[in-house]
Amino acid sequence: MRANTALAFDDGASVADLKSRITSARLTAARAVNSELVGLYWDIGPAIRE
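The following paragraphs examine the structure supplied in this document. All residue numbers refer to positions counted from 1 along the written sequence of the respective chain. Side-chain atom pairs in this predicted model are given and counted only at pLDDT of 80 or more, local residue features only at pLDDT of at least 70, and totals for whole chains, interfaces and linings cover all residues. Heavy atoms from the whole structure form the basis of all side-chain values; hydrogens and water molecules are not counted.

Examining the overall build of the protein
- To qualify as a helix, a DSSP run of H or I must reach at least 4 residues; to qualify as a strand, a run of E must reach at least 2; elements of each kind are numbered from the N terminus. The secondary structure content of the protein amounts to 1 helix and 0 strands.
- Each residue is assigned to one of three classes by its accessible area relative to the maximum for its type, calculated with a 1.4 Å probe on protein chains only: buried under 20%, partly exposed between the two thresholds, exposed over 50%. Looking at the protein residue by residue over its 50 residues, the buried ones come to 0%.
- On the protein, roughly 4,800 Å² of surface is accessible, and the fraction owed to carbon and sulfur atoms is 59%. Throughout, the Shrake-Rupley method with a 1.4 Å probe supplies accessible areas, and for residues the shown protein chains are the sole cover considered.

What follows is the structure, given as structure tokens:
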């Protein structure tokens with residue numbers, strides 16, 4: 001993550017690029033969360049079964 005980076009909003013392409021990066025980061029985060037939850041469910045499954 002970049003801190004204190006100056007961004008130039010010269011045209012719509014810059015805003016579109018930022019939106020694309022945000023969407024990509026959100027999807028990456030969602031996949032990571034889903035992966036962790038699936039692992040958790042597999043871990044607690046046997047306890048529930050017992």
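And the narrative resumes.
Details of a nonpolar patch on the surface
- Judged by side-chain polarity, Val-33, Leu-37, Leu-40, Tyr-41, Ile-44 and Ile-48 come together as a nonpolar surface patch covering roughly 560 Å² of accessible area.
- Secondary-structure assignment places Ile-44 in helix 1 (residues 12-49).
- The class for Ile-44 is partly exposed, based on a relative accessible area of 35%. Here, patches come from residues exposed beyond 30% relative accessible area and free of salt bridges, joined within 9 Å for like charges and within 5 Å for nonpolar side chains (Val, Leu, Ile, Met, Phe, Trp, Tyr). Only one rule defines a salt bridge in this text: a Lys or Arg side-chain nitrogen within 4 Å of an Asp or Glu carboxyl oxygen.

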